[in-house]
Amino acid sequence: MKKFKTRHLTIIALAIALNYVGSNIALALRFPIYLDSIGTILAGALLGPLAGALTATASSVLSGITTDLFALYYLPDGLLTGLLAGCFLYQHQRSKREIPLVAIGVALPGTVVSSLITYFLFHGITSSGSSMIVQLLSGLGLNQFASITLVQAGTDYLDRLLAIVIVTQVCYHLKKQIATL
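On a predicted model such as this, the values are computed, not experimentally measured, just so you know. (Residues numbered from 1 in each chain as written. Predicted model: local features only at pLDDT ≥ 70, side-chain atom pairs only at ≥ 80, totals over all residues. Heavy atoms only, no water.)

## Some thoughts on the overall build of the chain
Phase 1: Looking only at helices and strands, the chain has eight helices and zero strands in total.
Phase 2: Secondary structure elements in the chain, listed N-terminal to C-terminal, are α-α-α-α-α-α-α-α.
Phase 3: In terms of overall size, the chain behaves like a compact globule, its C-alpha atoms giving a radius of gyration of 16 Å where 181 residues would be expected to give roughly 16 Å.
Phase 4: Counting only C-alpha atoms and orienting by the principal axes, one finds that the chain spans roughly 55 × 35 × 25 Å.
Phase 5: Out of the 181 residues belonging to the chain, those deemed buried represent 44%.
Phase 6: Expressed as a percentage of contacts within the chain between residues at least 6 apart in sequence, the contacts between residues at least 24 apart total 71%.
Phase 7: When the accessible surface of the chain is summed, it comes to about 9,400 Å², and 72% of that surface belongs to carbon and sulfur atoms.
Phase 8: Where the 11 positive side-chain charges of the chain centre and where its 6 negative ones centre are 17 Å apart. (Helix = DSSP H or I, 4+ residues; strand = E, 2+ residues; numbered from the N terminus. Rg over C-alpha atoms; globule rule 2.2 N^0.38 Å. Buried < 20%, exposed > 50% of the residue type's maximum accessible area, 1.4 Å probe, protein only. Contact = heavy atoms within 4.5 Å. Areas by Shrake-Rupley, 256 points an atom, 1.4 Å probe, with all protein chains shown as cover. Lys, Arg positive; Asp, Glu negative; His and termini not counted. Charge placed at Lys NZ, Arg CZ, Asp CG, Glu CD.)

Encoded structure:
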């Protein structure tokens, strides 16, 4: 991002709102995915890595002080997601075949961080619906760290894949309508 323009701030504000609404829907319905990174990935794809990181930070703080205290603790995961989404998607047209690989690249570093946070700070129990899966796997005999890491890897990947699919479609249609963002 070279200069902040009004349209950039508007996109970031919209992205924060998308994250907030998505995370609250997932929280209320106890989904095993989070839906809190669609806006972060959108900001990263449209405006670059720093905008993605800024969006993730603001979204985590907003959610953390209003509806889900756990969101504050997972801010590092959001930062990584925003930075990596910006690196992989900003000014890059990705083919449908590349999207699953991009989702791995965006999700994997955050998975490591969020697995460590979940294990050391919360012992596998968070506000997310994925906590139920962690407890189920632990109850079946898988050790807790392995349960957390396995569930976190699966849910993070699915969450980021869904977000990237949505964002690439939005960007494709936006770029047809608007010459420059």
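Having put the structure on the table, let's press on.
## Topic: the packing of helix α3 (residues 49-66) against helix α5 (residues 75-89)
Phase 1: Look at α3 against α5: their axes get within 7 Å of each other, and the N-to-C directions meet at 155 degrees. Of the possible angle classes, the one that applies to α3 and α5 is roughly antiparallel. In this structure, the crossing between α3 and α5 has a hand that is right-handed. Across from P49, G52, A53, A56, T57, S60 and V61 in α3, the residues of α5 making contact are L75, G78, L79, G82, L83, G86 and C87. (Axes fitted to C-alpha atoms, helices over the stretch in contact; angles between N-to-C directions. Parallel < 35°, antiparallel > 145°, perpendicular 65-115°, else oblique. Left-handed = near helix turned anticlockwise from the far one by under 90°.)

## Structural notes on the nonpolar core
Phase 1: In terms of nonpolar packing, the biggest core is built from 23 residues, with I41, L46, L47, L89, I164, V167 and C171 touching the most fellow members.
Phase 2: Those elements that provide at least two residues to this core are α1 (6-29), α2 (38-47), α5, α6 (99-122) and α8 (144-177).
Phase 3: The element contributing the most residues to this core is α2, with seven residues. (Core = buried A, V, L, I, M, F, W, Y, C linked by side-chain atoms within 4.5 Å.)

## Digging into the packing of aromatic side chains
Phase 1: Under the counting rule described, the total for this entry stands at five aromatic pairs.
Phase 2: Here the aromatic rings of F70 and F122 are separated by 4.7 Å at their centres, their planes lie at 65 degrees, and the arrangement is edge-to-face. Taken together, the positions of F70 in helix α4 (residues 70-73) and F122 in helix α6 put the pair 52 residues apart, joining distant regions of the chain.
Phase 3: The class of F70 is partly exposed, set by a relative accessible area of 25%.
Phase 4: Taken together through their ring pairs, the aromatic side chains of F70, Y73, Y74 and F122 make up a single cluster. (Phe/Tyr/Trp six-rings, centres within 6.5 Å; stacked < 30°, edge-to-face > 60°.)

## Looking at a nonpolar patch on the surface
Phase 1: Side chains of V61, I65, L69, L72, Y73 and L121 sit close together on the surface and give an oily, nonpolar patch of about 560 Å² of accessible area.
Phase 2: Residue assignment for the nonpolar patch shows that the elements contributing at least two residues are α3 and α4.
Phase 3: The topology assignment puts Y73 in helix α4. (Patch = residues over 30% accessible without salt bridge, like charges linked within 9 Å, V, L, I, M, F, W, Y side chains within 5 Å. Salt bridge = Lys/Arg side-chain N within 4 Å of Asp/Glu carboxyl O.)

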